[in-house]
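A look at the structure
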Amino acid sequence: MKEKKKISFVFFIFTLLFFYLPLLVLVIYSFNEGKTMKWTGFSFHWYEELFTRSKELWNAFENSIIIALLSSLASTVIGTLGAIGIYWYRFRHKKLIQTVSYLPLMLPDIIIGISLLIFFAGIGLNLSLTTIFIAHTTFNIPYVLFILIARLQEFDYSVIEASYDLGAKEKDTLLKIILPIIKPGIIAGFLMAMTLSLDDFVITFFVSGPGSSTLPLHIFSMIRFGVSPVINALAVILIAATAFLALLSKNMQKYIYQS
Amino acid sequence: MKKNYGTIYSLPLSVWLAFFFIGPTLIIFLYSFLKKSPFGGVERSFSLDAFAFLFNPTVLQIAWMTLYISIAVAVITLFLALPTAYFMAKSRYKDSLLLFIIIPFWVNFLIRIYAWIAILGNNGFINNFLIQTGLVSDNFQFLYNPYAVVLITVYTYLPYAILPLYSTIEKFDFGLLEASKDLGATHFQGLKKIFIPGIKSGIYTAFLFTFIPALGSYAVPQLVGGTSSMMLGNVIAREIIITRNFPLASAISLILSLLTIIGILVFMKKNENEKKAVK
Amino acid sequence: MSGTSVEIQGLSKSFDNHQVLKNLSFDIRSGEFFSILGPSGCGKTTLLRIIGGFEEEDSGVVLLDNVDMKNYPANKRKTNTIFQSYALFPHLTVYENIAFPLKIKKMTKPLIKNEVEKYLNMVKLSGYEKKYPKELSGGQKQRVAIARALINQPGILLLDEPLSALDAKLRQHMLVELDSIHDQTGITFIYITHDQHEALSVSDRVAVMNEGKILQIGTPSEIYESPKDAFVADFIGETNFIEGIVQEKGGKFAKLYSETLKTMIEFDMDQSVEIGDKVKLTIRPEKIRVKRENPQKTSSQHFNILKGKVDEIIYHGFQSKFFIDINGFILKAFKPHLSYFEESERIGWKEEVYFWWDADDSFLVEVSK
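No experiment lies behind these values; they were computed from the predicted model shown.

1. Thoughts on the overall build of chain B
Of the regular secondary structure elements, chain B holds 14 helices and 2 strands. Scaling as 2.2 N^0.38, a compact globule of 279 residues should have a C-alpha radius of gyration of about 19 Å, whereas chain B reaches 23 Å, well beyond that. Dimensions of chain B, computed from C-alpha atoms along their principal axes, come out at roughly 80 × 70 × 35 Å. Across the 279 residues that make up chain B, the buried fraction comes to 52%. Entry remark: accessible area of chain B is about 13,700 Å², with carbon and sulfur atoms responsible for 68%. Of the charged side chains in chain B, 21 are positive and 11 negative, and the gap between their average positions amounts to 6 Å.

What follows is the structure, given as structure tokens:
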């Protein structure tokens, strides 16, 4: 038993190093004075560059945030209502709708990206933030649906019946019973959608037009021009933000799931 | 009386998906059977040109490369993920270890690719280091080959494999392993005959979660693959953006979708058999 | 409060071509404690759900206080339900759960407070107002569910196996409490259960259901003492069945010949039979007496006296269960321990014994020409 544990421990450490060493290199070189990956001296120069002379990057960041908020909101509303309908009610084509809803989750990103691109070209919709919003909402819906159906599975339908039984109508039941019960799922779904939207590159790449860059798109174009210490600095900020949010959500989870 | 509300609740979902998922998917299907217009769009006449072009040796070679890279990625990922997940699931500090694995997973996808470019690139960290220490005199090209694509794809997808494996191993009843030892099995026999079959569904899921996205890779081969390791995703993008051959891009997408769906169906079938076997 | 009466006429319901309720018709009187007893899958829960308005009947009529409920959804009916899983709202406190129906009615806060307190007292949960359902024990959840269902002052309380999630001791206790709540409120209780002890101990009347049909409706003692049907006899308590062909009849009694027992059995004709009819009798084990000596039969009494061999004895606290073998046919007889040392020598395994019962104590449950 002990030997087995040793082997798996070695693998685990290897995986951790594999994950973190490349990120660590980025962190260190973000403080490099020179422009290359050759260490020449300590400096905050690239952070200064990032915060004061990277207007396009911050525009792209702003777009990312706007798209993430709007598409998460839209997909959470659509996904939540859909999950309630699919999980708690019986109606025609229910099985079909559920199966189709999960498909975008399974198909490769690039296919969703180009199919939307061809579709937008076909209906004559110019590529812009609007098309990015539509694309992000589309790929976020199945995730929200998935999370909410998982949440609904924890409750039996008799809670809803009890609400009708005690005199409540559909609207009261939705607002006073169903939504409060699945609130943790709704929050989790929204956060998941935000994360996916902020991170997406491939689908956005195909449905974005001139002037509608997002942060990942901007990073992509920077990477294509080769190593840039500004990306190093940005990476450090993003890694720190991610770690902070991860820790926060870990503590939040306790709070969310308690209510 | 309940029936109507189900339809009402799922109406926004149905409408949205009909417009922005089913519609576009059908268009791809349709376009793959149409003729390419010289101006970049399609002409409304039936044609199998796009499918015929799929048998072009270059396309076949790229399809082979795609499959080869995807399988290599899935196998290597599994090899790393299984013991890692095992260690995590058996640890006393599960929750914290899980967080350690999830954090890099949340770091932006492109930043994760970029980190490797910064390290392995022609002017990257390792080359600089090697030149400074005098080990080599000229830059060594680590990137722009299939191995680099495999390495970096493994890096980006590894958490996808660790998480499902972790959750199956955590649910595994380790009493069974002890029972098998009690009945005279060696530790290795126990692992092979009891543990691995017991977590099969996790292994399938992990494989699928890396193999399927790898099949549809675009960004990694685009950034670190070079011409020698183009994948189908890159061909689709090229046909859409540069050549503007919509029917060909659609046909390749169709094939890729079919491969994905077949993969998922095989997985579901396997998983179902597993469940039956357990019963 | 006063109870609502129920009238069911020709009620039928199918799910996926499987008929769950088969043309049921019966009445429940205002204020009655009415139990529907049957094995799982007999259709009793579906019946309750149709009365509550959660399920729509395929055909037939449900009348509550003589009003057809056809177009009344659950929230417009004078019924409230205690669900098997309690169905407490997990995000609301005990107070908020009980107040929910009144808030829906838009009652003023002081009035709500007053009412909630009254019902909290009734179910003995004062002091638990601020707790959430997950902080309560099974029995306490049950009480919240009862208070919440009663606060709307329904005419009928529908109880769907309300005690099945509780342990045996608590079940007994809650049953007594439900009975006293029934007495206090005077409303109609429709109580679904598969547990005969629950049904028999508190009900005014019991309906025994099987395979979508009601087989017998009667007071607990009628159901137990004079089952009209082999299923009823078998489902409620333990019983013996004896089959045979009617050989002679005279006055109140008739005799059948049993092929398995190889003897004539005298029985009380509670329904008319003709000579040559194939009949089935049921006789409760506790009605059969067992002794080593042959009891002397007097001419005025109608007794069946048989002889057999003790095949098995199971000690059961206040009684012993005897399994007596008569030519390979096993008959059950329960002997209460009036005094443990009553007999100088207790009957043992493999011993030859006499046993007998009064012809009045058996019931005809099947007659076929």
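2. Some thoughts on the confidence of the model for chain B
Fine structural detail should not be taken from predicted coordinates in areas where pLDDT scores are low. Mean pLDDT over chain B: 86, with 96% of residues reaching 70 or higher. Prediction confidence for the complex, expressed as pTM and ipTM, is 0.81 and 0.87 respectively.

3. Quick word on the pattern of salt bridges
For the structure shown, the criterion picks out 28 salt bridges over all chains. A salt bridge links Lys124 of chain C to Glu177 of chain C, with the nearest nitrogen and oxygen atoms 3.7 Å apart. A residue pair is termed long-range when its members are at least 10 positions apart, and Lys124 of chain C in the loop between α3 (109–122) and α4 (138–150) and Glu177 of chain C in helix α5 (residues 168–185) qualify at 53 residues. Salt bridges sharing common partners tie together Glu161 of chain A together with Arg49 and Glu55 of chain C.

4. A word on the packing of helix α6 (residues 109–120) of chain B against helix α7 (residues 125–132) of chain B
Residues and elements named next belong to chain B. The interhelical angle for the contact between α6 and α7, taken along N-to-C directions, is 15 degrees, at an axis separation of 3 Å. Taken together, the axes of α6 and α7 lie roughly parallel to each other. Counted together, Ala118, Ile119 and Leu120 of α6 and Phe125, Ile126 and Asn127 of α7 form the full contact between these two elements. Partitioned by chemical class, the residues of the contact of α6 with α7 number 5 nonpolar, 1 polar and no charged.

5. What about the interface of chain B and chain A?
Facing 85 residues of chain B, the contacting portion of chain A comprises 82 residues. Roughly 7,800 Å² is buried in total at the junction of chain B and chain A, and carbon and sulfur atoms are behind 81% of that figure. Interface area lost by chain B to chain A is led by Tyr9, Trp16 and Tyr114 of chain B, which between them contribute 11%. Our enumeration of links across chain B and chain A arrives at 0 salt bridges. Inspection of the chain B/chain A interface yields 7 residue pairs in polar contact (both at pLDDT 80 or more).

6. Here's the deal with unusual backbone geometry
Residues and elements named next belong to chain C. Although it is not a glycine, Asp65 sits at a positive phi angle of roughly 45 degrees. Tracing the backbone through its elements, the reader meets Asp65 in the loop between β4 (59–64) and β5 (67–68). Of note in the backbone geometry, Asn327 takes a positive phi value of approximately 50 degrees without being a glycine. Topologically, Asn327 is positioned in the loop between β17 (319–326) and β18 (329–336).

7. Some words on the interface of chain A and chain C
Contact residues are listed per partner, giving 20 residues for chain A and 22 residues for chain C. A buried area of about 1,800 Å², summed over both sides, lies between chain A and chain C, and 59% of it is on carbon and sulfur atoms. It is Glu161, Asp165 and Leu166 of chain A in chain A that bury the most area against chain C; as a group they hold 38% of the surface buried on that side. Where chain A packs against chain C, one counts 1 salt bridge. For Arg49 of chain C, the salt bridge identified is with Glu161 of chain A, shortest N-O distance 2.6 Å. For the pair chain A and chain C, the number of links is 8 residue pairs in polar contact (both at pLDDT 80 or more). Those elements that place two or more of their residues in the side of chain A that touches chain C are α7 (158–165) and α8 (170–181) of chain A. The greatest single-element share of the side of chain A that touches chain C, amounting to 7 residues, is contributed by α7 of chain A. For the side of chain A that touches chain C, the per-class residue count stands at 9 nonpolar, 4 polar and 7 charged.

8. Quick word on the packing of helix α9 (residues 175–182) of chain B against helix α10 (residues 187–198) of chain B
Residues and elements named next belong to chain B. Relative orientation of the contacting elements α9 and α10 amounts to 130 degrees, with a least axis distance of 9 Å. Our classification of the angle between α9 and α10 gives oblique. Read as a crossing pair, α9 and α10 show a hand that is right-handed. From α9, Leu176, Leu177, Ser180 and Lys181 reach across to α10, where they touch His187, Gly190, Leu191, Ile194 and Phe195. A class-by-class count of the residues in the contact of α9 with α10 yields 5 nonpolar, 3 polar and 1 charged.

9. Here we look at the side chain of Ser71 of chain A
Tracing the backbone through its elements, the reader meets Ser71 of chain A in helix α3 (residues 55–88). Sequence-distant contacts of Ser71 of chain A, that is, excluding residues within four places in its chain, are made with Phe133, His136, Thr137, Asn140 and Ser197 of chain A.

10. Structural notes on a nonpolar patch on the surface
The grouping of Phe9, Ile13, Leu17, Leu21, Leu24, Ile28, Trp39, Phe42 and Phe44 of chain A at the surface amounts to a nonpolar patch, some 880 Å² of accessible area in total. Along the polypeptide, Phe44 of chain A turns up in the loop between α1 (2–29) and α2 (45–52).

11. Considerations on the environment of Arg238 of chain B
All names here are of chain B. On the secondary structure map, Arg238 appears in helix α13 (residues 232–241). Not counting residues within four places of it along the chain, the set of residues in contact with Arg238 comprises Met230, Thr243 and Arg244. A polar contact of 3.1 Å, which involves the side chain of Arg238, links it to the side chain of Glu239.

12. Description of the sheet that holds strand β1 (residues 6–15) of chain C
Residue and element names in this part refer to chain C. Taken in spatial order, the 4 strands of this open sheet run β2-β1-β4-β5, and their pairing is antiparallel. At either end of the open sheet lies a strand with only one pairing partner, and these are β2 (18–28) and β5. Where β1 meets β2, 7 bridges bridge the pair, whose relative direction is antiparallel. Paired with Phe15 across the two strands is His18, which belongs to β2.

13. Let's talk about the sheet that holds strand β11 (residues 240–250) of chain C
Residue and element names in this part refer to chain C. The strand order across the open sheet formed by 5 strands is β13-β12-β11-β14-β20, and the pairing between neighbours is antiparallel. The two strands at the open ends of the sheet, each matched to only one other strand, are β13 (263–268) and β20 (363–368). If you compare each strand with its neighbour and ignore which way they point, the axes differ by 40 degrees on average.

14. Remarks on α3 of chain C
Residues and elements named next belong to chain C. Taking 1.5 Å as the rise per residue, α3 with 14 residues should run 20 Å; its terminal C-alpha atoms sit 20 Å apart, in good agreement. The inward-facing, buried residues of α3 contact α2 (94–104), α4 and α5. Residue Lys124 follows α3 closely and has a positive phi angle near 60 degrees.

15. Re the environment of Leu47 of chain C
All names here are of chain C. Along the chain, the position of Leu47 falls in helix α1 (residues 44–52). Sequence separation of Leu47 and Glu57 is 10 residues, and the distance between their C-alpha atoms is 8.9 Å. Once residues within four sequence positions are removed from consideration, Leu47 is found in contact with Leu11, Leu21, Leu24, Phe26, Ile36 and Met209.

16. A look at the packing of aromatic side chains
When we look at a pair of aromatic rings, we describe it by the centre distance and by the angle of the planes. With the rule as written, the count across this model stands at 50 aromatic pairs over all chains. Seen in terms of ring centroids, Tyr29 of chain A and Phe125 of chain B are 5.6 Å apart; in terms of plane orientation they differ by 75 degrees. Their pairing is edge-to-face. Taken together, the positions of Tyr29 of chain A in helix α1 and Phe125 of chain B in helix α7 put the pair across two chains. Geometrically, the ring pair formed by Phe33 of chain B and Phe51 of chain B is tilted, given 5.0 Å between the ring centres and 35 degrees between the ring planes. Separated by 18 residues along the polypeptide, Phe33 of chain B in the loop between α2 (11–31) and β1 (34–36) and Phe51 of chain B in helix α3 (residues 49–53) bring together distant segments of the chain. On the basis of relative accessible area, Phe51 of chain B is assigned to the buried category, the value being 17%. An aromatic cluster is defined as three or more aromatic residues linked by ring pairs; in this entry it consists of Phe119, Phe120 and Phe133 of chain A together with Trp16, Phe19 and Phe20 of chain B.

The rules behind the values
- Per chain, residue numbering runs from 1 following the sequence as it is written.
- Chains and ligands are labelled by the order in which they are written, letters from A for the one and numbers from 1 for the other.
- Under the rules for a predicted model, residues below a pLDDT of 70 receive no local features and side-chain atom pairs below 80 are neither given nor counted, while totals for whole chains, interfaces and linings still include all residues.
- The side-chain values count all of the structure's non-hydrogen atoms but skip hydrogen atoms and water molecules.
- Every helix listed is a DSSP run of H or I at least four residues long, and every strand listed is a run of E at least two residues long, numbered separately from the N terminus.
- This radius of gyration counts C-alpha atoms alone. The globule rule is 2.2 Å times how many residues there are, raised to the power 0.38.
- Relative accessibility thresholds used throughout: buried, under 20% of the residue-type maximum; exposed, over 50%; partly exposed, between the two (1.4 Å probe, protein chains only).
- Areas reported as accessible are Shrake-Rupley estimates using a 1.4 Å probe. Residue values count occlusion only from the protein chains shown.
- Neither His nor the chain ends contribute to the count of charged residues, in which Lys and Arg are positive and Asp and Glu negative.
- Charge coordinates come from a single atom per side chain, which is NZ of Lys, CZ of Arg, CG of Asp or CD of Glu.
- The predictor attaches a confidence to each residue, and that confidence, scored 0 to 100, is pLDDT.
- Whenever Lys or Arg places a side-chain nitrogen within 4 Å of a carboxyl oxygen from Asp or Glu, that contact is recorded as a salt bridge.
- What counts as an axis is a line fitted to C-alpha atoms, over the stretch in contact for a helix, and the angles between N-to-C directions run from 0 to 180 degrees.
- Between 65 and 115 degrees an angle is taken as roughly perpendicular, under 35 as roughly parallel, over 145 as roughly antiparallel, and anywhere else as oblique.
- Contacts: residue pairs with any heavy atoms within 4.5 Å of one another.
- Classes in brief: Ala, Val, Leu, Ile, Met, Phe, Trp, Tyr, Cys and Pro nonpolar; Asp, Glu, Lys and Arg charged; the others, Gly included, polar.
- Each of two parts loses accessible area, computed with a 1.4 Å probe, when they are put together; buried area is these two losses added.
- Side-chain atoms alone can form a polar contact between residues adjacent in sequence; in general such a contact is a pair of N or O atoms within 3.5 Å, and within protein one must be able to donate a hydrogen while the other accepts it.
- Each helix crossing is assigned a hand: it is left-handed if the near helix lies turned anticlockwise from the far helix by less than a right angle, otherwise right-handed if that turn is clockwise.
- Candidate patch residues must exceed 30% relative accessible area and have no salt bridge, after which like charges are joined if within 9 Å and Val, Leu, Ile, Met, Phe, Trp or Tyr side chains if within 5 Å.
- When DSSP finds at least two bridges between two strands, those strands are taken to pair.
- By this rule, a helix spans an expected 1.5 Å times one less than how many residues it contains.
- Side-chain rings of Phe, Tyr and Trp, where Trp is taken by its six-membered ring, are said to pair if the distance between their centres is within 6.5 Å; with planes under 30 degrees apart they count as stacked, over 60 as edge-to-face, and otherwise as tilted.

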